[in-house]
Amino acid sequence: MLDRVFDESRELEKASGSDLVEELVELPPGSGNGSGSGNEEGFRGTEVGGMIVEFVHWEAKGRRMVEEAGFGLCLQDPKIASRSLADGRIDLQNENFLSQKKPNIHCFWAEIITNVKSTLFWGRNKIVMRKTTRLCSTKPIVTVNGQYPGPTLSAREGDTVLVKVVNHVKYNVTLHWHGVKQLRTCWADGPAYITQCPIQPGQSYVYNFTLTGQRGTLWYHAHILWLRATVHGAIVIKPKRHLPYPFPKPYKEVAVILGEWWKADTEAVINQAMKAGVAPNVSDAHTINGHPGQISSTCSSPQDGFKLQVKSGKTYLLRIVNAALNEDLFFKVAGHKLTVVEVDAVYTKPFTTDTVVITPGQTTNVLLTTDKTAGQYMVTASPFMDAMIIAVDNRTATATVHYEGTLAEASAITAVNVPPRNATSIATGFINSLRSLNSNNFPANVPKKIDHSLLFTIGLGINPCPSCINGTRFVAAMNNVSFILPTTAILQSHFFNKKGTFTTDFPGNPPVIFNYTGNGPTNLQTSTGTKVYRLTYNSTVQIVLQDTGIISPESHPIHLHGFNFFEVGRDVGNYDPKTSPSKFNLVDPIERNTIGVPSGGWAAIRFKADNPGVWFMHCHFEVHTTWGLKMAFLVENGNGLNESLPPPPGDLPKC
C-alpha cells in the first residue's frame, strides 16, 4: 500500500509538472530543521546530499495546513499532498480544502489536520554523500536530507510513523529509532544483522512503527559501521492533543544535538584501528548542532557556532541529545540554571542544576529561563571521563545564547567554567538527583518480583591477532563473551526457525568469579560467539551491570532496545547480592533506555519482557560496540496475536 502511495505521488508530480522528490528550496544561512542546527551552505536541486523526504502528518482534529519549519522539499500544489499521500486511507471530507487558503509555501514537512487517527509519513528518502566543511577542512559525509545533524522527526504520542529509506551511498545502511519501544514492530528497530539485514546500495526499506505510550525527546541514527557519526537527528514526541506538559509550558522548544567531528573519514579511522588491533584516534572536535564553535583562532571566531536567539523573560525547553560516538559530555549555559524535566522521553521530578551530564544515546530535556541581562552567554559541551588512562577529545564545543537586542560584535560573551574531565562528583550528583515523576498519570511501575536475576560484567580484553601490530587486539565483552555479528539477521533466523545463525546460551552470570573492580584475572582473553539470552513473554528481569578493572575501569553507556527500564540502584565497587539490594529505590527510580554504568562500579536495572522479538543490548561507546561489548535478548511470543511478533514486511532487506 505504501509503495502505491509513493507511486501515485510520482504520477501526480508528472501530471502537475512539479517534482516532489528532487525539487528543493535554497535555505538561507541559519535556517533549519526545527532543531536549530542550521544549514549554512544552503542547497538546491540534486546537489543536495542525504535523505530527501516527503512528510505529511495527520492529526486528530480540525482541517488546516500548517507551514512547518522549512528545511527542504516543498510542494507546488497542496492538493497533491492531500490526494497522493491520503491514498484512500482517510476521509478528508473536503478534498479541496487545502486549496481554499493556500499558504505561501507548502513545505514537505507539513501538518494536515483532519478527523482521522494520526499517521505520519516520512517517506521517499535518499541517503547520499554531501561535502561538508568543519575545522578548515572539507570531506564528504553521509547525511539525512543533506543536513548535519539530520532533520527533526516531529510527531505526537499515538502516531504511526512510516519512513521509506532508499540507499544511494556505497555503504550498507540501516536506521534505528533510539528509545522507541517498537511494540510488536521489532522489524522496524533497525540494528544491522540483529533485526534486519542492511539496506544495500540502490535498495530501499519502509520502517513502520507506532509511538505508543511515549512522549518527549528521542532520536534516530544509523545502526551500522560508524555511520551514526553524521547520520542522526532528533525525534520530538508531543503529548496527545489537549494534554499539557507536567511543567510550565515553554515559550519555545529547541533541539540541541551534541556530537563529535573527525577531520578524517570515520570508517577509515575505525578500520585502521581494527587492522592494527589498537584503539582508534579520538575525534578532532565536539559539536553543538553540528558546529564546533570557537576551537582555534585560525579556524574560527567568537561568533562561530550555533546561536540560540532568545527573548528576555521567557522559558525555553532545550531538548538535548548526546549523539557523540565515544564520549560522555557535560553541558552548561553560562550564568543560567537549568531545570531538568525529562530524560529519555520519561518525565522526571524537576530539579535545578547548572551542569547536565549526558552519555551517548541519552536525551535530557531542560527548561532554560532567560532571566539575565541582555548579552551573549556561552554554551559548552565538554568531555566527562574519570578513568584518566582513557584518551578523550579534550576540546570543548561552544555555542551562544544570544538575547534579543544584543549587538553580537559589540557584546562580550559571558564564559563558562568548564568542569574538568574527571569531575566525578558533579556527574554523580546529577545522576543521583534523577527521579521518575511517579504520579497518577505517569506511574513508576517497577517490577517487584523478579523471574530472571542476571549479573553481566562489562569491560575490555585482549585477544590474539597475528596480523596486528603487537600480535594482539583490543576487544570488549559482556560476561567474557565478545559478540560476533552474524551474516544474516537474528530476528529473521528466529522467526523462520533457521538454524546456525545464533545460539541461546548467553551466560546469565560471569563464567569466572573474580574481584571485578580489582586487578582482574591474569588471562585477558575473551570467548567469541553470537549468543542471545532467552526470555519468556511477560517475565520480569533484573540485570546488574558490573564494570570491571580489566585493562582499566571506565564508564559504559548501556542501551537496551525495545524496552524502558528502571535504574533501581548504583554504587562503586563490586555488587554484593546480600547487601546491595537494601539500598535499591523501588518507589520512584528513574526510567530510561540508556544508562551510564559508573567507572569501577555497578548499576542495577529492572524491566518487564512484554515485547516479543530480538532486542539488542550494547555499549553506546561505538568503539566498544565494534570490539564486541553487546548481546541480545530473545523474547518469546505470548498468547494470541496481540502478544506475538507478526510476520516481516514484504520489503524486508535481504542479506
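Structural notes, computed from the coordinates. Bear in mind the structure is a predicted one, so any value in this text is a computation, not a measurement.

### Concerning the overall build of the protein
Part 1 of the reasoning: Of the regular secondary structure elements, the protein holds seven helices and 40 strands.
Part 2 of the reasoning: Considering only contacts in the protein between residues 6 or more positions apart, those separated by 24 or more positions represent 81%.
Part 3 of the reasoning: Accessible surface computed for the protein: about 24700 Å², of which carbon and sulfur atoms make up 50%.

### Some details on the sheet that holds strand 22 (residues 346-353)
Sheet strands line up and pair through hydrogen bonds in the backbone, either parallel or antiparallel.
Part 1 of the reasoning: Across the sheet, which stays open at both edges, the six strands sit in the order 17-16-19-24-21-22 with mixed pairing between neighbours. Of all the strands in the sheet, just strand 17 (285-288) and strand 22 have a single pairing partner and so form its edges. Across the sheet, the mean angle separating the axes of adjacent strands is 25° when strand polarity is ignored.
Part 2 of the reasoning: The pairing of strand 16 (residues 252-261) with strand 17 spans four bridges and is classified as antiparallel. The residue of strand 17 that forms the bridge with Gly259 is Thr287.

### Side note on the sheet that holds strand 40 (residues 630-635)
Part 1 of the reasoning: Within the open sheet, the five strands sit side by side as 32-40-39-34-37. Their pairing is mixed. Since the sheet does not close on itself, it has two edges, and those belong to strand 32 (532-535) and strand 37 (594-597), each with one partner. Strand-to-strand, the axes of this sheet are offset by a mean angle of 20°, without reference to chain direction.
Part 2 of the reasoning: Here six bridges tie strand 39 (residues 613-619) to strand 40, and the two strands are oriented antiparallel to one another. Opposite His618, over in strand 40, you have Lys630 as the bridge partner.

### A word on the pattern of salt bridges
Part 1 of the reasoning: As enumerated under the stated definition, the model contains 12 salt bridges in all.
Part 2 of the reasoning: Asp393 is the partner of Arg395 in a salt bridge, and the nearest nitrogen-oxygen pair spans 3.1 Å.
Part 3 of the reasoning: Relative accessible area serves as the criterion here: at 39%, Arg395 is assigned to the partly exposed category.
Part 4 of the reasoning: Overall, the relative accessible area of 0% leaves Asp393 in the buried class.
Part 5 of the reasoning: The network of salt bridges with common partners includes Lys349, Arg435 and Asp588.

### Some thoughts on the state of the cysteines
Part 1 of the reasoning: Tallied over the full model, the rule gives two disulfides.
Part 2 of the reasoning: Disulfide partner of Cys197: Cys655, at an S-S distance of 1.9 Å. Taking the sign of the S-S torsion, -95° for the link of Cys197 and Cys655, the bridge is left-handed. With Cys197 in the loop between strand 12 (175-178) and strand 13 (204-210) and Cys655 in the segment after strand 40, the pair connects residues that are 458 residues apart, well separated along the chain.
Part 3 of the reasoning: By relative accessible area, which is 1% here, Cys197 ends up buried.

### A look at helix 4 (residues 266-276)
Part 1 of the reasoning: Among all positions of helix 4, only Thr266, Glu267, Val269, Ile270, Ala273 and Ala276 are buried.
Part 2 of the reasoning: Residues of helix 4 that are buried in the fold lie against strand 9 (137-142), strand 29 (472-478) and helix 7 (622-627).
Part 3 of the reasoning: Once helix 4 finishes, Gly277 follows within two positions and takes phi at roughly 85°, a positive value.

Rules behind the numbers
- Residues numbered from 1 in each chain as written.
- Predicted model: local features only at pLDDT ≥ 70, side-chain atom pairs only at ≥ 80, totals over all residues.
- Heavy atoms only, no water.
- Helix = DSSP H or I, 4+ residues; strand = E, 2+ residues; numbered from the N terminus.
- Contact = heavy atoms within 4.5 Å.
- Areas by Shrake-Rupley, 256 points an atom, 1.4 Å probe, with all protein chains shown as cover.
- Pairing = 2+ DSSP bridges.
- Axes fitted to C-alpha atoms, helices over the stretch in contact; angles between N-to-C directions.
- Salt bridge = Lys/Arg side-chain N within 4 Å of Asp/Glu carboxyl O.
- Buried < 20%, exposed > 50% of the residue type's maximum accessible area, 1.4 Å probe, protein only.
- Disulfide = S-S within 2.5 Å.

In short, the description is geometric, and any link to function would need to be established separately.
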